[in-house]
Amino acid sequence: MKTLLKSIYSTLAIMAMLLVAASFNACSKTDDVDLRLQTEGTTATATVYINSLAIDTYKAVIDHVNHTITVNVPQGYNVDKMKITELNLPEGATTSIKAGETVNMRTPITVTIVYNGHHQDYTLQVVPDYVEVLEFTLNGTYRGFINNEEGTIAVTILKSEDITALAVTMKVNEGAVINPQPTGTMDFSQPREFVVTKNTASKTYVVTVTQAEKGDIAFVGSGLNVDGIASPEEKAAAQWMLKNVAMSEYISFSAVVTGDVDLSQYKVIWWHHHVDGGDNPPSPEDANNAVRDFMNYYKSGGNLLLTRYALAYLASPEGDPDHANIIGIGISKDGRWPNNSWGGNEYAPDIVDGPWTFNMVEGQEKHPIFQGLIQGENPQAVYCFDKGYATTNSTAQWHIGSDWGGYSNHDVWREKTGAIDLARGGDGAVVIAEWPSTDGSGKVIGIGSGCYDWYAHEIDASGDKYHKNIEIMTLNAINYLKGE
Amino acid sequence: MNKTMLYTMMAVALAATTACNNDNYIEPTKNWDDSTKYFASTEVAAFGTYFAPSVGYVGDPMPMYDSKTGEYKIYYLWDYRGKRNYDECYHPIHMVTTKDGYNFGDEMEVLPTGGQKDQDAAIGTGCVVERNGVYYCYYTGHAGDGSEAVMRATSTDGIHWSKDNAFRIYGEDYGYDKKDFRDPQIFQTEDETYHMIIATRQWGKGTIVECTSKDLVTWTNPTFFMNMQWDRFYECPDVFKMGNYWYLVYNDKTQFMRMPQYFKGTSLEDLKNCTLNDAGRWPDNYREGKLDGKGIYAVKTVTNGKERLAFGWCPTRAGKDTGNVPTESEWAGNLVCHKIVQNADGTLAFAPATTDKYTKTKEAKIIGPKGAGYDIKEGDHTMFSRLMYHNLLTFDIKLSDPKGRFSIDFARGTDSEVWYSVQVNADENKANLEKKAKKAEEAKWLLDSQFKQPEDGIYHVTVCTDQSVCVVYINNELSFTNRIYNLQMNPWSITAVKGDLKIENLTFKWY
């Protein structure tokens, strides 16, 4: 077969240019091998080069070692219909694309150059220039909330810190440069500007540092303090936050009920609730008694991260129409919490035999909560833990379908709940949702996937290659809610 | 001869040698036709009826009739059966020509995949249509991130192709699925409009969309064409008109229903309404439009103006284990061609495209058990002399009980512990592929296909085999394609499973 193709190529060499160019693609892999053999066996080095190339007059950077041709264009440039405006080849060489040709560069194109009987493939790609700040931390402790669209970074630090001498750690996307380059300590008593530049893209970031007596992020739980939380699952989540989220605090529902805590000081409050056997489980009594306080907090602009059975707070204060024992603060438009909940026992978990994942909704991959995750094989999936992890598979999700549950499709679900679905299970069930701010209220992120799990009974999950994603997602969600 | 081919031939030769060391080896020259023991046969000869390339296997066929050359060009996804990584390039388009669906010319690669980062890093099914001397190939580009787009290549001879680097249709641009947007297929309506149908999803629901064109160059944006039933996904959809009816032939991706099926309508609009609001308006009332069984997939049809042929692939099975069910078959296999038969009520069935190829005649000699003949009592069987590599068997079965059962048993010697049967259960209106065994606990049902039973209990059976590919046709009602390893060069039998039966008009041809 390959022999046949080669003879075809010989014939085609004297045929019309178009046919030649098209057909050479067909044996590029074969001839790559031949080319290497010849180069190794003799002193000859096959000089199969594309000298220069431009698309829509944007000049390409050609890497003759890795055989890539990269054209940078400004961010947002329409790459679907571009023209090869320059193609400079050695005399006598031909390529599978030609000057003047229109190309769709949304995905790369393999370009084959043919010269003196040799072939070489190049990968031609158009890369929109962009800049992005990936991380901004002061004194190694205070993580800034980054809004890459607006070009703002907000950081809150304790009043005890010296705002005029703060050490900056700033990470940007590869190839981008920062001006001024953060070195030593810097004075943030006034907002500071950093300009991040990469080729044609440039963005000015304004960093604003505010100081506070106390933290503005809280975990609310059923124990009087963290040690008093009965559920290992809830305790693991609270402990992680106090250790890893700067300026975070623990508050108890009972302190809210007795009026010992003023919720208005917080920008974000996270509640993660677990009970064994989670078939529409009731919330702790104090959580139900604190409904009015949290309703005021939410309506006044306070943001909430509700995870697992804490999604009960989505329901109406009069109770979920289908489950009167589920009492919330009226976040979901239809007054309901998820229509499908279940879960196992913390002390008798299932050991999973492969990684557990859920899927980002297409179009939501860029949502802040999904950034920086550890990737698995499927780029659309969020990997939560790997084979060997112990889980209760405690879930509170929205079943979507005309068969039961009241949400025949995702459009209906969005309309009824007022939420945006960010992630779904394999069967289309909504497992992560966001309620945008309405009439001055705060924002809410709700996570009900059985994959979102903190505590693995009698299993050391520190080596689990995906479990860190639970932390990353949670931190992302807190920062996202805090930043608005 | 290239190296790959040489190695393959050496491997085949080695396999044949290995077979000689097997305890089951029988010296072919000694009483070959009278011997009754199982023979561990190998696929030493090239496939003659159900085409496979010299290296690799046939995936999704894209048949077109080339009126310029008076032959069918069968383009297909060439599956080399290597390890497939997430970002690897695979499934270039190869092509083979045929005038009858049973005899084939040289195969060749015609459209390579793109590079690892290209939109067509992997190629998926498409179609080829010729207009004014230009051949247009619309095909699926499946990128490394799983996204899919419809792409185009053009040619002046159907062999040498030029990819169009500008043409792309992305489903996500029009509200359809980013990852399921594939299998473009073109048909023409009487107003000379070309319709390109594409399999995709909208909000998760399987949907066929269409683009239209007058010149095969400029296309409208994709819009809704028809739904897929329930939660199913129809791969390789093919719309055509035959006589007074419009048809959709499709391949259900759902594992338990993974086979070719069809809908019919009295008009194109009527056809679309078959699945409107999950109407499930099947063309028949007994088999949900099934055209065959799970032993054939990715069926598309083509006409030369006189006949319409259907091409699909019969998958191989891992470990060459016929009974390896419910484990899913391997992807790709042999090209299988059926002729489409249209009944007066518009229902379709598959029949052999031609049997002319089987030119030599041989006696189907009864070799046991003692006293066996053409009349078989319930529970008994009659065994016949060994099959060759490429066989055509025709016979009639007359069941004493029209609700009875009989089986055609393959790869069966008198010493066999297991063998495989195509068993007709008239009482259940279907045929099964079954693993039979001397130890009852090893026997199991494997696959099945429903069909309409004859009221008179007479079954006109045609069996076409090409080594391990076996197609059983009955009464223009059933076509049942299966992979049965070691069928060739072994005895076969007919068993009266329930009720007595009579065998008549038995013929045995081969080549």
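As the structure is a computational prediction, the values presented were derived from the model and not from experiment.

Chemist: Explain the overall build of chain B here, please?
Modeler: Assigned secondary structure in chain B consists of two helices and 33 strands. Taken over C-alpha atoms, the radius of gyration comes to 23 Å for chain B, in line with the 24 Å a tight globule of 511 residues would show. Once the C-alpha set of chain B is aligned to its principal axes, its extents read approximately 70 × 55 × 45 Å. The burial tally for chain B puts 61% of its 511 residues in the buried class. In chain B, the share of contacts with a sequence separation of at least 24, taken over all contacts with a separation of at least 6, comes to 57%. As presented, chain B carries roughly 19500 Å² of accessible surface, and 49% of it is formed by carbon and sulfur atoms.

Chemist: Even after reading the chapter, I still don't get the overall build of chain A, so can you show me in this structure?
Modeler: When its secondary structure is counted, chain A shows nine helices and 30 strands. Burial analysis of chain A (484 residues in total) assigns 54% to the buried set. Within chain A, residue pairs in contact and separated by at least 24 positions form 63% of the contacts whose partners lie at least 6 positions apart. Carbon and sulfur atoms form 49% of the exposed surface of chain A, whose accessible area is close to 21100 Å². Mean positive and mean negative side-chain charge positions of chain A (33 and 58 charges, respectively) differ by 6 Å.

Chemist: Just checking my understanding: could you explain the pattern of salt bridges for this structure?
Modeler: Two side chains with opposite charge may pair up if their charged atoms get near one another. The full count for this structure, using the stated rule, is 44 salt bridges over all chains. Between A:E434 and A:K443 there is a salt bridge; the shortest N-O distance is 3.8 Å. The same class applies to A:E434 as to A:K443, namely buried. For B:E330, the salt bridge goes to B:R81, with nearest N and O atoms at 3.2 Å. Pair noted here: B:E330 is in the loop between strand 17 (308-315) and strand 18 (333-342) and B:R81 is in the loop between strand 2 (71-79) and strand 3 (93-98), with a separation of 249 residues, a long-range link. By relative accessible area, which is 29% here, B:R81 ends up partly exposed.

Chemist: Please clarify how the pairing of strand 25 (residues 381-385) of chain A should be interpreted in this entry.
Modeler: Along a regular strand, successive side chains alternate from one face of the sheet to the other. Residue and element names in this part refer to chain A. Buried residues dominate strand 25, accounting for five of its five residues. Bridge count between strand 24 (residues 356-360) and strand 25: four bridges; the pairing is antiparallel. Bridge pairing links F358 to V382 in strand 25.

Chemist: Before we go on, may I ask you to explain the side chain of A:S332 in this structure?
Modeler: Residue and element names in this part refer to chain A. If you trace the backbone, S332 turns up in the loop between strand 21 (303-308) and strand 22 (340-342). The exposure class assigned to S332 is buried, which follows from its relative accessible area of 3%. If near-sequence neighbours (up to four positions away) are discounted, S332 is found in contact with L314, T417 and W435.

Chemist: In this structure, what is going on with the packing of aromatic side chains? I would like to understand it.
Modeler: How two aromatic rings sit relative to each other is set out by the distance from centre to centre and by the angle between their planes. All names here are of chain B. Within this structure, the stated rule accounts for 47 aromatic pairs over all chains. When the centroid spacing of 6.1 Å and the interplanar angle of 55° are considered together, the rings of W230 and W282 count as tilted. Here the residue W230 occupies a position in the loop between strand 12 (223-227) and strand 13 (234-242), and W282 occupies one in the loop between helix 2 (268-272) and strand 16 (297-303), the gap between them amounting to 52 residues. Here W230 falls in the partly exposed class, since its relative accessible area comes to 38%.

Chemist: Explain the confidence of the model for chain A to me, please; I cannot follow it from the model alone.
Modeler: Detailed reading of predicted coordinates is not advised where the pLDDT is low. Here chain A averages 88 in pLDDT, and 90% of its residues register 70 or above. Ignoring residues within four places in sequence, the model shows residues 1-44 of chain A, a span with pLDDT below 50, making 64 contacts including any to other chains.

Chemist: Whenever I open this one, the sheet that holds strand 14 (residues 177-179) of chain A confuses me. Can you help?
Modeler: What links the strands of a sheet is backbone hydrogen bonding, and the strands pair in either a parallel or an antiparallel sense. Residues and elements named next belong to chain A. One open sheet holds the five strands; their spatial order is 11-12-17-16-14, and the pairing between them is mixed. The open sheet has two edge strands, strand 11 (145-147) and strand 14, and neither has a second partner. Taking the axes of each pair of neighbouring strands and ignoring which way they run, one obtains an average angle of 25° across the sheet. Direction of pairing for strand 14 relative to strand 16 (residues 192-198): antiparallel, over a ladder of three bridges. Across the sheet, I178 pairs through a bridge with V196, a residue of strand 16.

Chemist: What exactly am I supposed to notice about the nonpolar core here?
Modeler: Generally speaking, soluble globular proteins have nonpolar side chains that are buried together. Residue and element names in this part refer to chain A. Counting 44 residues, the largest nonpolar core has W270, F358, F370, I432, I445 and M473 as its most contacted members. Per element, the largest residue contribution to this core is eight residues, and it comes from helix 9 (residues 468-483). Counting 41 residues, the second-largest nonpolar core is a separate cluster that includes Y313, I331, A396 and W435.

Chemist: Got a minute to help me understand a negative patch on the surface in this structure?
Modeler: Residue and element names in this part refer to chain B. A cluster of acidic side chains, namely D415, E417, E441 and E442, defines a negative patch on the protein surface. For E417, the position within the fold is in the loop between strand 25 (405-410) and strand 26 (418-425). Residue classification places E417 among the partly exposed positions, given a relative accessible area of 45%.

Chemist: Would you explain the pairing of strand 26 of chain B in this entry?
Modeler: All names here are of chain B. Within strand 26, seven of the eight residues are buried, which leaves it mostly tucked inside the rest of the structure. Sheet topology note: the strand 26/strand 27 (residues 430-437) ladder contains eight bridges and is antiparallel. Residue V424 lies in a different strand from strand 27, and its bridge partner there is A431. Following strand 26, the chain reverses through four residues before pairing antiparallel with strand 27; N429 in that reversal takes a positive phi of roughly 55°.

Chemist: Could you clarify how one ought to interpret the confidence of the model for chain B in this entry?
Modeler: All names here are of chain B. Considering every residue of chain B, the mean pLDDT works out to 92; 93% of them sit at 70 or more. Across residues 1-24, confidence stays below pLDDT 50; counting only partners more than four residues off in sequence or on other chains, it has 26 contacts. Here the complex is predicted with pTM 0.71, and the ipTM for its interfaces comes to 0.84.

Chemist: Looking at this model, I keep getting lost on helix 9 of chain A. Mind explaining?
Modeler: For the α-helix, the turn length of 3.6 residues means that residues three or four positions removed from each other point alike. Along its 16 residues, helix 9 of chain A runs 23 Å from first to last C-alpha, staying within 8% of the 22 Å computed at 1.5 Å per residue. Burial of helix 9 of chain A is extensive: 13 of the 16 residues sit out of reach of the surface.

Chemist: Explanation requested: helix 8 (residues 410-417) of chain A in the structure shown.
Modeler: Residues and elements named next belong to chain A. Those residues of helix 8 lying buried are H410, W413 and T417. One face of helix 8 carries all of its buried residues, which in axial projection span an arc of 55°. On its buried face, helix 8 is in contact with strand 28 (420-424) and strand 29 (430-435). For helix 8, the N-terminal cap is N409; the gap from its side-chain oxygen to the backbone nitrogen of D411 is 2.9 Å.

Chemist: Please clarify how unusual backbone geometry should be interpreted in this entry.
Modeler: With glycine set apart, most residues show a phi of negative sign, and most peptide bonds adopt trans. Here A:N179 and A:P180 are connected by a cis peptide whose omega angle stands at -5°. Mapped onto the elements of the fold, A:P180 is located in the loop between strand 14 and strand 15 (185-186). Across the junction of B:G368 and B:P369, the peptide omega takes the value -15°, indicating a cis bond. Summarising the element assignment, B:P369 is placed in the loop between strand 21 (366-368) and strand 22 (375-376). A positive phi angle, near 50°, is found at A:N139, a position not held by glycine. Within the fold, A:N139 resides in the loop between strand 9 (133-138) and strand 10 (142-143). With a relative accessible area of 30%, A:N139 lands in the partly exposed category.

Chemist: Can you help me understand the sheet that holds strand 7 (residues 148-155) of chain B in this one?
Modeler: Residues and elements named next belong to chain B. Spatial ordering of the open sheet is given by 5-6-7-8, a layout of four strands whose pairing is antiparallel. The sheet is open, and its two edges are formed by strand 5 (122-131) and strand 8 (161-170), each paired on a single side. Each neighbouring strand pair of the sheet contributes to a mean axis angle of 25°, computed without reference to strand direction. Summarising the sheet, strand 6 (residues 134-142) and strand 7 pair through eight bridges and their orientation is antiparallel. Along strand 7, the bridge assignment pairs Y139 with M151.

Cut-off values and rules
Residues numbered from 1 in each chain as written. Chains lettered and ligands numbered in written order. Predicted model: local features only at pLDDT ≥ 70, side-chain atom pairs only at ≥ 80, totals over all residues. Heavy atoms only, no water. Helix = DSSP H or I, 4+ residues; strand = E, 2+ residues; numbered from the N terminus. Rg over C-alpha atoms; globule rule 2.2 N^0.38 Å. Buried < 20%, exposed > 50% of the residue type's maximum accessible area, 1.4 Å probe, protein only. Contact = heavy atoms within 4.5 Å. Areas by Shrake-Rupley, 256 points an atom, 1.4 Å probe, with all protein chains shown as cover. Lys, Arg positive; Asp, Glu negative; His and termini not counted. Charge placed at Lys NZ, Arg CZ, Asp CG, Glu CD. Salt bridge = Lys/Arg side-chain N within 4 Å of Asp/Glu carboxyl O. Pairing = 2+ DSSP bridges. Phe/Tyr/Trp six-rings, centres within 6.5 Å; stacked < 30°, edge-to-face > 60°. pLDDT = per-residue confidence, 0-100. Axes fitted to C-alpha atoms, helices over the stretch in contact; angles between N-to-C directions. Core = buried A, V, L, I, M, F, W, Y, C linked by side-chain atoms within 4.5 Å. Patch = residues over 30% accessible without salt bridge, like charges linked within 9 Å, V, L, I, M, F, W, Y side chains within 5 Å. Expected span 1.5 Å × (residues − 1). Arc of directions from axis to C-beta. Polar contact = N/O pair within 3.5 Å; in protein donor to acceptor, adjacent residues only side chain to side chain.

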